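Commentary on secondary and tertiary structure
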Amino acid sequence: MKRILTIIAAVAICLPAASQIKASVHEAADGQPVIPAELFGQFSEHLGRCIYEGIWVGPDSSIPNVDGYRTDVLEALKALHVPVLRWPGGCFADEYHWMEGIGPLEGRRKIVNNNWGGTLEDNSFGTHEFLNLCEMLGTEPYISGNVGSGTVEEMAKWVEYMTATSGSMAELRARNGRAEPWKVKYLGIGNETWGCGGNMTAQYYSDVYKRYSLYTRNYGSNALFKVACGASGDDYGWTRTMMQNASQLMDGLSVHYYTVKEWFHKGSATEFTPAEYYTTLTTTAVIEDILRKHMEIMDEYDPERRVSLVLDEWGNWFDVEQGTNPGHLFQQNTMRDAMVAAININIFTKFVERLRMANIAQVVNVLQAMVLTDGPEMVLTPSYHVFRMFSVHQNAVRVPVEYGCGKITSEDGRTVDDFSMASSRDASGAIHITLANPLLDKAQTVEISFDSLKPSAVCGEILNASEVSAHNEFGKAPAVAPKPLKSISKNGRTLRVTLPAASVAVLEIK
Ligand code: AHR
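One structure accompanies this document, and this report is about it.

Reading the values: rules and limits
- Residues numbered from 1 in each chain as written.
- Predicted model: local features only at pLDDT ≥ 70, side-chain atom pairs only at ≥ 80, totals over all residues.
- Heavy atoms only, no water.
- Helix = DSSP H or I, 4+ residues; strand = E, 2+ residues; numbered from the N terminus.
- Rg over C-alpha atoms; globule rule 2.2 N^0.38 Å.
- Buried < 20%, exposed > 50% of the residue type's maximum accessible area, 1.4 Å probe, protein only.
- Pairing = 2+ DSSP bridges.
- Contact = heavy atoms within 4.5 Å.
- Axes fitted to C-alpha atoms, helices over the stretch in contact; angles between N-to-C directions.
- Near = heavy atom within 4 Å.
- Polar contact = N/O pair within 3.5 Å; in protein donor to acceptor, adjacent residues only side chain to side chain.
- Areas by Shrake-Rupley, 256 points an atom, 1.4 Å probe, with all protein chains shown as cover.
- Nonpolar A, V, L, I, M, F, W, Y, C, P; charged D, E, K, R; others polar.
- Disulfide = S-S within 2.5 Å.
- Arc of directions from axis to C-beta.
- Right-handed = clockwise from strand over helix to strand, strands pointing away.

Side note on the overall build of the chain
What the chain contains, in helices and strands, is 10 helices and 27 strands. In terms of overall size, the chain behaves like a compact globule, its C-alpha atoms giving a radius of gyration of 23 Å where 510 residues would be expected to give roughly 24 Å. Its C-alpha atoms put the chain at 65 × 50 × 45 Å along the principal axes. Buried positions account for 57% of the 510 residues belonging to the chain.

This is the structure we're talking about:
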């Protein structure tokens, strides 16, 4: 207890005194970009219980399912409007051989999942099961192809199998139950090729990329959007080499950034001090600098911004829950995760001139998941609620915002804004504003002025809890769930909203 009190004091010194924020929303600004729906993308990997149990239980399961997909998770994901789903990895992708996951079940090879706990993988969830899921969810598939241990021929045939209208691969697909090709837009050519995807240098991989890119073809009307493997965090040299050598052949270049305190001391997902909470937030805020610097380098080689920056893995990474397989990366999800989700999504909207996709890791039962399952039970996480509340920005036109706020400094000297905000206008003309107050000990009132809009109808939702470590547990009433936001008042072109400590909110203004 003494340690906790000391830490609170140390952090409190750095907290700003102000609890009143003044913000301007320039809803009349012209020429603003659309916020791509794909910034709300998800990532599904053959890792732990993400695919098996989390999404796929098989048609014979006692867990209610639709053709093998568990009904509760399917419904939860439909409500989230998942725009894009990446699969099958991650590190798993570079040991995945797609041909082992098609055809009659009894013929599918059983393999050891070498990356993730040595678990037996029976390949019962393969290409058909994944692409059919995407169709059921109305989601764009993002296939992550095997460069590390695969071949150009294998990836080329995979694309042909999924998308060609005729030829031997299309015939094989039809014999396996699917006559029509699927639509597959996003193709990742390798994952973390600097590490688990092959331990390559950027120079070497940029040449490898060009070979794969050449032979992965468009069939019929299917047009691939090819994503080259990008940097880990702040490895700007990787981005420079890739842009110098291969930018003409790519549609996107990825980057991965996880919010992790220290790789060997990640800390508990649910038990943390105020100082650890703030360290998580300042670590997540580093992403703003990382995105900006990668974009600056890309601008040197591609000033028209044809090539997208694709943040295809991000999120909180904590220690696994006690008693679970360390290789399965199962972690709980608290209001701290909700705060990280909100701060990141608001940051992403600043970079949409080039940042056109982001996939949080991973959708079910792994890292910063949207839903967690335990046998037949399922809970929605605080991160899920933020993704659902903030999804109003999907395909909406960004509205510029300005506000003054203070900084929170964590023990390691890093900083994060003590307030977060973004805004957009949807196709119906409604303005949405997403807000976060990360301060643990102080409510903040924000006074929002519009250029010319006089709000006639305003409503909102808020997500907060009695403790920032609150999380939703199996078999208990949800401790974290959104509620209507009541603390809103309006006066002419101005709105006043009060955000309790450690809260996330969305407003709709008409
Ligand atoms: O998300 C877990 C792992 O993190 C992914 O498989 C890999 O790409 C990254 O290192």
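Still to come is the rest of the account.
Brief notes about the sheet that holds strand β23 (residues 458-463)
An order of β16-β20-β21-β27-β23-β24 is seen for the six strands of this open sheet, with the pairing classed as antiparallel. A single partner strand is all that each edge strand has here, and the edge strands are β16 (397-399) and β24 (483-484). Alignment of strand β20 (residues 420-425) against strand β21 (residues 431-437), held across six bridges, turns out to be antiparallel. Residue pairing for β21: Ser 423 is matched across the bridge by Ile 433. Helix α9 (residues 335-348) rests against β20, β21, β23 and β27 (503-509) of the sheet, and its axis sits at about 45 degrees to β27. On top of the sheet, helix α10 (residues 382-390) reaches β21, β23 and β27; it is set at about 165 degrees to β23, its chief contact.

As for unusual backbone geometry
At the junction of Trp 87 and Pro 88, the peptide bond is cis and its omega measures out at 5 degrees in the coordinates. Tracing the sequence through the fold places Pro 88 in the loop between β5 (84-87) and β6 (111-113). With an omega of -20 degrees, the peptide bond running from Ala 361 to Gln 362 counts as cis. Among the secondary structure elements, Gln 362 is positioned in the loop between β13 (355-361) and β14 (371-374). Phi at Glu 53 takes a positive value of approximately 85 degrees, unusual for a residue other than glycine. Here Glu 53 shows up in the loop between β2 (41-43) and β3 (65-66). For Asn 199, which is not a glycine, the phi torsion comes out positive at approximately 50 degrees. By secondary structure assignment, the location of Asn 199 is in the loop between β9 (186-189) and α6 (202-215).

Side note on the pairing of strand β1 (residues 20-25)
Along β1, the buried face is formed by Ile 21, Ala 23 and Val 25; none of Gln 20, Lys 22 and Ser 24, which line the opposite face, is buried. Strand direction decides the pairing type here: β1 and strand β22 (residues 444-450), joined by six bridges, are parallel. Across the sheet, Val 25 pairs through a bridge with Phe 450, a residue of β22.

Examining the site of the ligand
Around the ligand, a shell composed of Phe 43, Glu 45, Gly 90, Cys 91, Trp 116, Asn 191, Glu 192, Tyr 258, Glu 313, Trp 317, Gln 362 and Leu 367 is seen. A distance of 2.7 Å is found between an oxygen atom of the ligand and a side-chain nitrogen or oxygen belonging to Gln 362. In isolation the ligand exposes 280 Å². Once the protein is present, 93% of that is buried. Looking at the shell around the ligand residue by residue, the classes come out as six nonpolar, three polar and three charged.

Some remarks on the sheet that holds strand β25 (residues 488-491)
Across the sheet, which stays open at both edges, the five strands sit in the order β17-β1-β22-β26-β25 with mixed pairing between neighbours. In this open sheet, the two edge strands, each paired with only one partner strand, are β17 (401-403) and β25. Going across the sheet, the axis of each strand differs from the next one's by a mean of 20 degrees, ignoring polarity. In this sheet, strand β26 (residues 494-499) lies alongside β25 in antiparallel orientation, the contact comprising four bridges. In the strand pairing of β26, Ser 489 is matched with Arg 496.

A look at the state of the cysteines
What is meant by a disulfide is a covalent connection between two cysteines, made through their sulfur atoms. Throughout the structure, instances matching the rule amount to one disulfide. Between the sulfur atoms of Cys 91 and its disulfide mate Cys 196 the distance is 2.2 Å. A torsion of -85 degrees about the S-S bond marks the disulfide between Cys 91 and Cys 196 as left-handed. A residue pair is termed long-range when its members are at least 10 positions apart, and Cys 91 in the loop between β5 and β6 and Cys 196 in the loop between β9 and α6 qualify at 105 residues. Take Cys 91: its relative accessible area is 13%, and that puts it in the buried class. Cys 134 provides the cysteine sulfur closest to Cys 50, a residue in no disulfide bond, and the two sulfurs are 12 Å apart.

Remarks on helix α5 (residues 168-175)
An α-helix turns once per 3.6 residues; consequently, residues spaced three or four apart project the same way. Within α5 the residues assigned to the buried category are Met 169, Ala 170 and Arg 173. For α5, the angular spread of buried residues about the axis comes to 100 degrees, placing them on one side. In α5, the exposed positions that point more than 90 degrees away from the buried face belong to Ser 168 and Arg 175. On its buried face, α5 sits against α3 (127-137) and α4 (152-163). Phi turns positive one or two residues past the end of α5, at Gly 177, with a value near 105 degrees.

Looking at the pairing of strand β10 (residues 225-232)
Within β10, seven of the eight residues are buried, leaving the element largely enclosed by the surrounding structure. The pairing of β9 with β10 spans four bridges and is parallel. Note that in β10 the partner of Ile 189 across the bridge is Ala 228. After leaving β9, the chain enters α6 and then returns to the sheet as β10, a path that is right-handed. Sheet analysis places β10 next to strand β11 (residues 252-259), joined by four bridges and oriented parallel. Within the sheet, the bridge partner assigned to Ser 232 lies in β11 and is His 256.

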